[in-house]
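What follows is each chain in one-letter form.
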Amino acid sequence: MRFRSYDSLKTFDAVARSLSMTKAADEVHQSKGSISYQINKLEAELGFRLFERAHAKLEMTEEGRRLWHVSQTALSQIDREIEDLRGTVSGAVTVGALTYFSSRWLSPRLTRFFEANPGISLRIEPINSVDMMRSVKVDMAILWGIDGWEGHKSELLLSLPAVPTASRAVAEQVRQLGLAEAVRQLPLLGDSSGDAGWRAWHAAAGLPYAPSRSSLTIPDSNSRVQAVVDGQGLALWDDLIAPEIDDGTLVRLSDVRVENAGYFVIFTDRPMSQGAEAFLNWLRAENDRSERRA
């Protein structure tokens, strides 16, 4: 049977990014009841569940995660093609960013950017690696890394050391195995730096880098957080994961940190527009503001 509910995929995307019907309703300016109805209708047409609902908390199912990944890519391609056909919007700025960074650091602050720059249109494009900058047209990208990227001009925006983390169940496995053996046996989930993060952590811990052949690659950073919560392996995370650490969902496994890690602004070879310059200056000022408050 032909799928017909393409409009509902936009609603699904809003709920998937926030894992909240209420936040999604605010984002798309609809009622919570309307959002819930659209998701239920979409699930009925698809024939499978997109979310598990337990204790007022939403979690994506495996089927939901798979559909979200492919729908994000398809919807982004459609939006980009429409923008190209219309011509470049005056004052528009496109920023590639990890979904994890976008949802946890950038999004809560964007209201201040628009208040200060009312004439600039901003597009946040999901991007998982520096290689994606070859295929996705952006003015700049924000990625997690270590000491920048060879061959690309970059600037450290936010310095955040990273440590190995796991779910409580996997943390108990690590305790029984010992950390040195655990990082050999259990899957190590990668990040936007490839395996550079884990190599740096092993060097800091004085351990040889000899990971298990069992591996799980999840390019999308928000989905990788959920994979760690679901017990799929170990991953390096920073203080942006504080909510999960505070409520006990995730556990830090070591005091050894990747000290020179953080979020970098990566620049293209093209000259920056005035709008892009304004966004970059706002990023710098916003980070300074956060550091003063800390």
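Structure shown above.
Notes on the structure follow.

Each value, and the rule that gives it
Residues numbered from 1 in each chain as written. Predicted model: local features only at pLDDT ≥ 70, side-chain atom pairs only at ≥ 80, totals over all residues. Heavy atoms only, no water. Helix = DSSP H or I, 4+ residues; strand = E, 2+ residues; numbered from the N terminus. Buried < 20%, exposed > 50% of the residue type's maximum accessible area, 1.4 Å probe, protein only. Contact = heavy atoms within 4.5 Å. Areas by Shrake-Rupley, 256 points an atom, 1.4 Å probe, with all protein chains shown as cover. Core = buried A, V, L, I, M, F, W, Y, C linked by side-chain atoms within 4.5 Å. Salt bridge = Lys/Arg side-chain N within 4 Å of Asp/Glu carboxyl O. Axes fitted to C-alpha atoms, helices over the stretch in contact; angles between N-to-C directions. Parallel < 35°, antiparallel > 145°, perpendicular 65-115°, else oblique. Pairing = 2+ DSSP bridges.

Turning to the overall build of the protein, a few remarks are in order. When helices and strands are tallied, the protein shows twelve helices and ten strands. Dimensions of the protein, computed from the C-alpha atoms along their principal axes, are close to 55 × 50 × 35 Å. Taking all 294 residues of the protein together, 46% fall into the buried category. Look at the contacts in the protein between residues 6 or more apart in sequence, and 75% of them connect residues 24 or more apart. Summed over all atoms, the accessible surface of the protein reaches about 15,700 Å², with 49% contributed by carbon and sulfur.

This part covers the nonpolar core. The biggest cluster of nonpolar side chains holds 64 residues, and the ones touching the most others in it are Phe 101, Leu 234, Tyr 263, Phe 279 and Leu 283. Other than its neighbours up to four places away in sequence, Leu 234 contacts Thr 165, Ala 166, Val 170, Val 174, Ala 182, Val 183, Leu 186, Pro 187, Leu 188, Leu 189, Trp 198 and Leu 253. Membership of the second largest hydrophobic core comes to 18 residues, among which are Phe 12, Val 15, Ile 35 and Ile 39.

What follows covers the environment of Pro 271. Relative to the helices and strands, Pro 271 is located in the loop between strand E10 (261-267) and helix H12 (274-293). Pro 271 gets classed as exposed once you look at its relative accessible area, which sits at 79%. Spatially, the C-alpha atoms of Pro 271 and Ala 16 are 35 Å apart, while their sequence positions differ by 255 residues.

Let us now look at the pattern of salt bridges. What the rule picks out here adds up to 16 salt bridges. Residues Arg 17 and Asp 13 are paired through a salt bridge, measuring 3.0 Å at the closest nitrogen-oxygen approach. Here the residue Arg 17 and the residue Asp 13 both occupy positions in helix H1 (residues 6-18), the gap between them amounting to four residues, near one helical turn. Judged by its relative accessible area of 36%, Arg 17 falls in the partly exposed class. Its relative accessible area of 13% is what places Asp 13 among the buried residues.

This next bit is on the packing of helix H5 (residues 99-106) against helix H10 (residues 221-229). Orientation of H5 relative to H10, taken along the N-to-C sense of each, is 90 degrees, at an axis distance of 5 Å. Considering their axes alone, H5 and H10 lie roughly perpendicular with respect to each other. Where H5 abuts H10, its residues Thr 99, Tyr 100, Ser 103 and Arg 104 lie against Ser 221, Asn 222 and Val 225.

Before going further, it helps to examine the sheet that holds strand E6 (residues 154-159). Read across the sheet, five strands follow the order E4-E3-E5-E10-E6 without closing on themselves; strand pairing throughout is mixed. Each of the sheet's edge strands pairs with one partner strand only, and the pair in question is strand E4 (121-126) and E6. Each strand of the sheet is rotated relative to its neighbour by a mean of 30 degrees, with strand direction disregarded. Relative to E10, E6 runs antiparallel, the two sharing five bridges. Each bridged residue has a counterpart across the sheet, and for Glu 155 the counterpart in E10 is Val 265.

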